[in-house]
Amino acid sequence: MYNCPMKHAYLIIAHHEFDILNKLIQAIDDERNDIFIHFDKKVKNCPSLTAHYSNLYILEKRIDIRWGHCSQIEAEYLLFETAGIRDEYHYYHLLSGVHLPLKSQNDIHEYFLRLKNKVVLMHVPNSDYQTTLKIRRYNFFMKNFMHQVLFIRRLNQLLWRFSICIQRELRIFRNRNQQYVNASNWVSVPHHCVTYLLQIKKDVLRKYRFTLCGDEFFIPSELENSYLKDRIYYDDRLLKCDFEGGANPRVYTLADYDELVNSGCLFARKFSHMDMDIVDKILNHILADVKG
């Protein structure tokens with residue numbers, strides 16, 4: 001029936017916006033895909049989800065994910081491990097629960113078949129200052145940096161700033177001998193890449209333990225410093241994600257529909273239940289060739 005028989009694994013990290021998550025599952029529900037979902041441990045009531053064509057797996061073990069903290073890396077590793085045990089997939093796509101594909105599954109499978117097992121990453125803006133701050137300093141107090149309780153949040157942010165100032169004054173650096181590269185943490189990687197990342201898991205978790213947003217660095221940095229360096233392919237069409245004057249990505253609305261579908265990107269992030277019209281319109285667009 002299909003020209004691209006090799007299976008893909010969709011690895012999804014979700015903590016809210018479950019209406020969008022349901023639509024995402026509809027969009028990738030295909031017999032060539034398996035879907036793995038990690039719900040943040042803080043989620044009290046996980047939604048009931050179904051897929052008609054894909055195998056859908058909800059991870060029983062859950063990580064308490066904190067912003068900027070190495071728990072994000074731990075959750076990604078848990079997804080890679082769970083999927084890797086289940087099967088040997090052609091590609092593993094790491095997504096959030098507020099992603100949507102902008103292309104049909106036929107187009108996505110054909111795109112990755114043409115790449116011949118290259119690691120697909122996407123550039124994000126960075127500077128030497130940011131790399132030093134996030135990776136070469138010890139970022140203590142990150143676990144509660146964005147705590148919901150204002151007093152706890154402010155206290156941890158104050159302590160974090162104080163610790164960074166001390167390290168600057170004393171010229172304290174860590175991991176001096178490694179070159180670091182950053183990219184979007186939402187990646188598409190082939191099986192041999194996942195195998196390598198799992199082999200170095202213990203070293204990665206040690207090295208990135210006290211980093212800030214280390215999930216944006218560990219995959220590109222470890223691969224760039226490995227025998228897989230020549231297999232890395234940077235393609236900004238992997239993900240449509242816009243930041244407008246802050247750390248949070250822009251939430252797309254119906255007014256952005258033409259820009260999204262004409263972007264040439266495979267995926268987009270992020271979407272909200274506040275505007276389901278754009279979500280439904282994209283879903284209809286990418287499923288049109290399947291229905292036909």
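Residues numbered from 1 in each chain as written. Predicted model: local features only at pLDDT ≥ 70, side-chain atom pairs only at ≥ 80, totals over all residues. Heavy atoms only, no water.

1. Describing the pairing of strand β2 (residues 33–39)
Next, step 1: Taken across its seven residues, β2 has seven buried, putting it largely inside the fold.
Next, step 2: As paired elements, strand β1 (residues 8–14) and β2 share seven bridges and run parallel to each other. Looking at the pairing, A9 lines up with D34 of β2.
Next, step 3: In this region the chain leaves β1, passes through helix α1 (residues 18–28) and returns to the parallel neighbour β2; the handedness of that crossover is right-handed.
Next, step 4: Where β2 and strand β3 (residues 55–58) come together, four bridges link them in parallel fashion. (Buried < 20%, exposed > 50% of the residue type's maximum accessible area, 1.4 Å probe, protein only. Helix = DSSP H or I, 4+ residues; strand = E, 2+ residues; numbered from the N terminus. Pairing = 2+ DSSP bridges. Right-handed = clockwise from strand over helix to strand, strands pointing away.)

2. A short note on the pattern of salt bridges
Side-chain pairs of opposite charge can arise where the charged atoms are in close proximity.
Next, step 1: In this structure the tally under the stated criterion is 17 salt bridges.
Next, step 2: One salt bridge connects D280 with K23, and the closest N-O pair in it is separated by 3.0 Å. With D280 in helix α10 (residues 276–291) and K23 in helix α1, the pair connects residues that are 257 residues apart, well separated along the chain.
Next, step 3: For D280, a relative accessible area of 28% corresponds to the partly exposed category. (Salt bridge = Lys/Arg side-chain N within 4 Å of Asp/Glu carboxyl O.)

3. Topic: empty space enclosed by the protein
Next, step 1: In the structure shown here, the tally under the stated rule is one cavity of 30 Å³ or more.
Next, step 2: Roughly 40 Å³ of volume is contained in the largest cavity.
Next, step 3: Together, L94, L95, H99, W186, V187, S188, L238, L239 and F267 line the largest cavity.
Next, step 4: Looking at side-chain class alone, the lining of the largest cavity contains seven nonpolar, two polar and no charged residues. (1 Å grid on protein atoms, 1.4 Å probe; cavity = no way out; pocket = protein on both sides within 12 Å on 5 of 7 lines; lining within 4 Å. Points joined across faces, edges and corners; volume = space filled by probe spheres on them. Nonpolar A, V, L, I, M, F, W, Y, C, P; charged D, E, K, R; others polar.)

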